[in-house]
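Listed here are the chains, written in short residue letters.
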Amino acid sequence: MTDMDKQMKKILIVDDDEQVRFNLTTYLKDEGYEVLNVPSAMDALALIERQHFDLAIVDMRMPGMNGEELIMRINQVKPGLRYIIHTGSLGFSVPEDLAQIGINPDDVVTKPIKDFELFSRKVKAMVS
Amino acid sequence: MAEDNNQRAGIRIIIAEDDDDSRLVLQRILDAAGYSVDVASDGEEALKKARQNPPDLFISDILMPQMDGFQLCRYIKQDEVLKDIPFIFYTATYTDSDDERLSKSMGAARYVIKPVTPDKILQIIDEVLKENAKTQAEAEVPLDGPSQLDAMYLQSVARKLNEKVRALEEEHLALQQSEEKFRRLVEGISDEYFMYSRGIDGVFTYVSPSIQQVLGYTQAEFLTHFSDYLTDNPVNEKMREYSERIGRGEKVPGYELEVYHKDGHACRLEIQNTPLLDGAGKVYAVEGIAHDITERVAAREELDRIRHLLKNVFDSMPSILVGVDSEGRVSQWNREAERVTGVDESQALGQKPAQLLPQLQAHVAYITEAMKDGKPKKLTGQLYRSGDTQTYSDIMIYPLLDNRVNGAVIRVDDVSERVRIEAMMVQTEKMVSVGGLAAGMAHEINNPLGAITMGLQNIQRRVSPGLAANKEVAERLGLDMEKLQTYVEDREILKMLNILRESASRASTIVDHMLKFSRKPEKRLELVDLEGIINSSVELARVDYDLNKRYDFRNIKIRQDCEPDLPEVPCIASELEQVILNLLRNAAQALEENIRQGAAAEIGITMRRSDDHVRIEVEDNGPGIDLDTQRQVFDHFFTTRAPGEGTGLGLSVSYFIITDTHHGRMFVESEPGKGARFIIELPTEDVAGRVTKTLST
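Each chain has its residues counted from 1, running along the sequence as written. Starting at A for chains and at 1 for ligands, labels are handed out in the order in which the entities are written. With the structure being a predicted model, the display of local features is reserved for residues of pLDDT at least 70 and the display and counting of side-chain atom pairs for 80 or more, all residues being used for whole-chain, interface and lining totals. No hydrogens and no water enter the side-chain calculation; it runs on all heavy atoms of the structure.

A. Structural detail: the packing of aromatic side chains. Side-chain rings of Phe, Tyr and Trp, where Trp is taken by its six-membered ring, are said to pair if the distance between their centres is within 6.5 Å; with planes under 30 degrees apart they count as stacked, over 60 as edge-to-face, and otherwise as tilted. A complete count under the given rule lists 14 aromatic pairs over all chains for this structure. Their ring planes at 75° and their centres at 6.0 Å tell us that Phe194(B) and Phe222(B) sit as a pair that is edge-to-face. With Phe194(B) in strand E6 (residues 193–199) and Phe222(B) in the loop between helix H8 (211–215) and helix H9 (237–247), this pair connects stretches of sequence that are 28 residues apart. Neither Phe194(B) nor Phe222(B) differs from the other in exposure class; each is buried. Three or more aromatic residues joined by ring pairs form one cluster here, namely Phe194(B), Tyr196(B), Phe204(B), Tyr217(B), Phe222(B) and Tyr229(B). Here the basic side chain of Lys10(A) rests over the ring of Phe53(A), its NZ or CZ set 5.2 Å away from the ring centre. A ring is considered to have a charge above it if a Lys NZ or an Arg CZ atom is located within 6 Å of its centre and within 35 degrees of its normal. Between Arg461(B) and the ring centre of Tyr27(A), over which it is positioned, the NZ or CZ distance is 4.0 Å. Numbering of helices and strands runs from the N terminus, with a helix taken as a DSSP run of H or I at least four residues long and a strand as a DSSP run of E at least two residues long. Working definition: with a 1.4 Å probe on protein chains only, accessible area under 20% of the residue-type maximum means buried, over 50% means exposed, and in between means partly exposed.

Take a look at the structure:
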C-alpha cells in the first residue's frame, strides 16, 4: 500500500465545468491516479506552486485566465510539468492553429472523449 | 360736235410749248376737236414751221428756251406773210397784268392763263378765229414804238427769270435737305452695321463711317477691292456665286462672309446686296449693308458646342438615358439606349419610351406621376421577364423643370449582375452566420456531451467487476458483484448504456462536421488532398438530413473512384466541400423518383488527372436534365423545385466558388433519361501558382 502510494501519480484537472471535473476525476481515480481538481486557472497556479503534479489536464475556455495563458505561466513556474489540453473549442481543432501558439497537437484531447482506451494510454504515457 | 369738227377740218394750228406734257395734252384736245395740229418745243421751231407752212392760229407758251413766246409773237407780227395770223398766249407763269398788256400791245389775240378746261380753250379758239375773219388786220396801234415795247419785254422776262430762279432754288434746297436726311441716316448707323457702294469691278466707292467701328479701317482705307479682306473660311465659298448673280442683276438673299478686321482677327458679316440697274437694265453698281454678326456666330457656335458636349455626355453614360418631352415622347435617346434596344435615335424620336424599352411598361403611370409632381423618383431592382431571361433594372425619373415641367430624363440601369451578387452575398452571409452559430453551438454542446460520454464510461466501469475499488465497496456492503453483473446484463442495462454512448458519439460526429464546415474561409488557396475533401463531403452528406425527408442518402449507393497519386490542388477545403456537398444533395434529390419506383439509385464520384488540372465528376443515374434547363442550371435563382424548397442559389454559388475563387471550370453534361454529370476542373499547382502570383503582384 505504501509502495503503491509512493508510486501513485498525481494529476491536476483544471476546468470550469463542474460535471466535467467530476466525471474526469472519477474516471482517472478509477484508473488508479491521485486526482485533484480546481475550477479556475488561478486556483491551479496556487496549487501547482505548493504541490508536485505529474500531469495537468487543462480546459481552454475558462472565465478569467484561459487555458492558453495558464500553460504559459506553468511553463514559467514549473517548466517540467506535462499537460494535456482538453478542449471543445473550435479554435484548436486544426494542428496549424495549435502550432501557432506553441502547443504540440499530440498534447490535445478534444471534448467529448470518444476513445477512452486511447485517452488512458495517452495519460499513462505522459505521467511515466 | 361732228359739225364743228367738219368746220374745223383744214384749220391748222401751231402749238409752241417747251413742256412735253402740257404740249401733248393741248395737242390731244385740239386733235380731238378736228383741228390739224403742228407742234414746236420752242419759238424758233414754231417760227420755222410757220414760214414753211403758215397756220391759221398760233398757241404759244411764254417762257421757252431758244426763243420765248414774246419774241415769237414779235417776229410773226413783223412777218409780212404771217402777221395776220391770230396769236394766243397760253401760260401758267404769267399772272402780272403788265404781261397781259404787253401781250396785247404786241398784237396777241388772247392771253389765257392755265389751266382752263378743254371746252374753254376750244371756245376761245373759235372766238379768235371768228374775230379774225371780221376784222382783218386792224391791228391795234402799237405802243410808243419799238423801244417802249423792248423795255416792257425785258422787264417782263427779267421778272419771269427771277421767278424761275427762285423756284429752282427752292427745289434745290428741298433736294439738299432730302440728301442730308439720307446721309444722316446712312452715317448715323453704327456699331454693328456699315453701308457701302461698289462698282461692278468690285472696288468700293463708298463706305459709311461705321466701317471703323466694325472693321477698324477708315472710310478712305477701305476703298479697295472686296476680296482683299476675305479670310479662307469655307463660308466665303458662296461669295463668288452670289457676286456673279448680283452682277447679272439678280436680287440674292442675304449671306454670310468672313473678313479680316484691320487688327487681323476674323469678323463674320451678314451681307444684303442690291444691284443698281441703269435705264437699259444693266448693273452699274452694287449697294449693300454689312452687319457684324461675329458675336452672334460665336454665340451660335458656343450653343452648338454645348449641344454637342451635352450629347457626348449623354452618350458616354453607361446607363440608358431617355429624354422625354412634356407629351411623354422621346426627345433624346443615348448610345446605350441604342445599343440595348437596337433602335437608332432617329427611329426612337417621337415614340413612347415604354414601346422601346419593355422594362418601362409596368411603370408608365409612375413616370407620368413623377412628371406631374416635378420630383425625381427612383425604383430599384425592378424585375422584368422576357421568355427565359430575367433582368433587374433601376429606373430613375428626373423631371426637367424651368417654369413648369418640360419633360423628363429617364435613366434605366441594368442591375441584374448587382442583384445577383447581392443575392449571392446574402447566401454567403447566411452560411457565415450559420457557421458562427454552429461554432457556438458546437462548443456549448460539446461540454455536456463530454459529461454524458464520460459519465457513461464511468457508470459502465463502476458496474463491472474488473475494477478493484468496485470489489472493495461491494464487499463492505455484502453485495455479490457477480450477481450484480448478471442483473445488469439481464435487464439489458449495459445495452442501454451502449445505445446512450453510441447516440452521444453520433451527436458528437455531427457537431464535429458542423465545426469543420463553419470554419471561416481564409480565402487563401492551400494545397489540399482532394480525396480527403471528397471523403469528408460524402461523410457530411450521409449525416445530412432533410426536414421534409425528401431524400435520404441511406437509400443511395455512393461509388467513389479516385485515380491514385493525384496531385494536390490549391484550394479552400471548406468551400470545395460545400460545392461537393451541394452536388451530392442535388443528385440525391434527382434520385428521389428512382427510389420511389424501387430502381437503383447511384451516385458516382470520380477523380482523374487531365493535363494541367484535376477533373472531378459527380454523376447520378436519375432522370437527367433537358437542354433548356442545362443552359440555366448555373443561373442565380434558377430552380426546378417547388417554391420554398430551393433557393436557386446553390449551383450558382458553387459555380462562383469554382470559377472565381479556384480559377477552375464547372459545367454539366446530361441527357434526359440518362442521368446527369457535373464536372469540376481545378487547375493543378503549376497553373494555380501562376495565377496566384499574378494576383498578388
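B. Expanded view of the sheet that holds strand E20 (residues 613–620) of chain B. Residues and elements named next belong to chain B. Here a strand pair is declared whenever DSSP counts at least two bridges between the two strands. Pairing is mixed across the open sheet formed by 5 strands, whose spatial order is E17-E19-E20-E22-E21. The sheet is open, and its two edges are formed by strand E17 (557–562) and strand E21 (665–670), each paired on a single side. Between one strand axis and the next, the sheet turns through 15° on average, direction left out of account. Where E17 meets strand E19 (residues 602–610), 6 bridges bridge the pair, whose relative direction is parallel. If you follow Lys 557 over to E19, its bridge partner there is Glu 602. The criterion used for residue contact is that any of the two residues' heavy atoms lie within 4.5 Å. Angles shown run from 0 to 180 degrees and are taken between the N-to-C directions of axes, each axis being a line fitted to C-alpha atoms and, for helices, limited to the stretch in contact. Its contacts with the sheet put helix H19 (residues 530–543) on E17, E19, E20 and strand E22 (676–683), and the angle it makes with E17 is roughly 175°.

C. Just the pattern of salt bridges, in detail. All names here are of chain B. Whenever a carboxyl oxygen of Asp or Glu lies within 4 Å of a side-chain nitrogen of Lys or Arg, that contact is scored as a salt bridge. If you walk through the whole model with that rule in mind, you get 40 salt bridges over all chains. A salt bridge links Glu 345 to Lys 311, with the shortest nitrogen-to-oxygen separation between them at 3.1 Å. Residue Glu 345 is found in helix H12 (residues 345–348), and its partner Lys 311 is found in helix H10 (residues 294–316); the two are separated by 34 residues along the sequence. Assessed through its relative accessible area of 18%, Glu 345 is described here as buried. The residue Glu 671 makes a salt bridge to Lys 674 at a minimum N-O spacing of 3.7 Å. For Lys 674, a relative accessible area of 63% corresponds to the exposed category.

D. Region of interest: helix H3 (residues 41–50) of chain A. Residues and elements named next belong to chain A. Those residues of H3 not exposed but buried are Ala 41, Ala 44, Leu 45, Leu 47 and Ile 48. Projected onto a plane normal to the axis of H3, the buried residues spread over an arc of 165° and lie on a single side. Exposed side chains of H3 directed beyond 90 degrees from the buried face belong to Met 42, Glu 49 and Arg 50. Elements in contact with the buried residues of H3: strand E1 (10–14), strand E2 (34–38) and helix H4 (67–77). Picture the helix axis, draw a direction to every C-beta atom, and the arc is the one those directions span.

E. Spatial organisation of empty space enclosed by the protein. Grid points spaced at 1 Å and placed over the protein atoms alone form the basis of the search, with a cavity being a set where a 1.4 Å probe fits but cannot get out and a pocket an open set showing protein on both sides within 12 Å along at least five of seven lines. Lining residues have an atom within 4 Å of a point. Grid points are joined across faces, edges and corners, and a volume is the space filled by probe spheres set on the points. In total, this model carries 4 cavities of 30 Å³ or more according to the counting rule given. Lining of the largest cavity is provided by 17 residues; of these, Tyr196(B), Phe204(B), Phe226(B), Leu257(B) and Ile271(B) occupy positions nearest its centre. Elements with a minimum of two residues in the lining of the largest cavity: E6, strand E8 (255–260) and strand E9 (266–277) of chain B. Classes in brief: Ala, Val, Leu, Ile, Met, Phe, Trp, Tyr, Cys and Pro nonpolar; Asp, Glu, Lys and Arg charged; the others, Gly included, polar. Broken down by class, the residue content of the lining of the largest cavity amounts to 15 nonpolar, 1 polar and 1 charged. Considered as a void within the structure, the second largest cavity measures approximately 60 Å³ in volume. Residue lining of the second largest cavity: Val20(A), Asn23(A), His86(A), Lys111(A), Pro112(A), Ile113(A), Asn447(B), Gly450(B), Ala451(B) and Met454(B), and that is the complete set. Those elements that provide at least two residues to the lining of the second largest cavity are helix H2 (18–30) of chain A together with helix H15 (416–463) of chain B. Take the lining of the second largest cavity: its biggest share by element is 4 residues, from H15(B). When its residues are assigned to classes, the lining of the second largest cavity shows 5 nonpolar, 4 polar and 1 charged.

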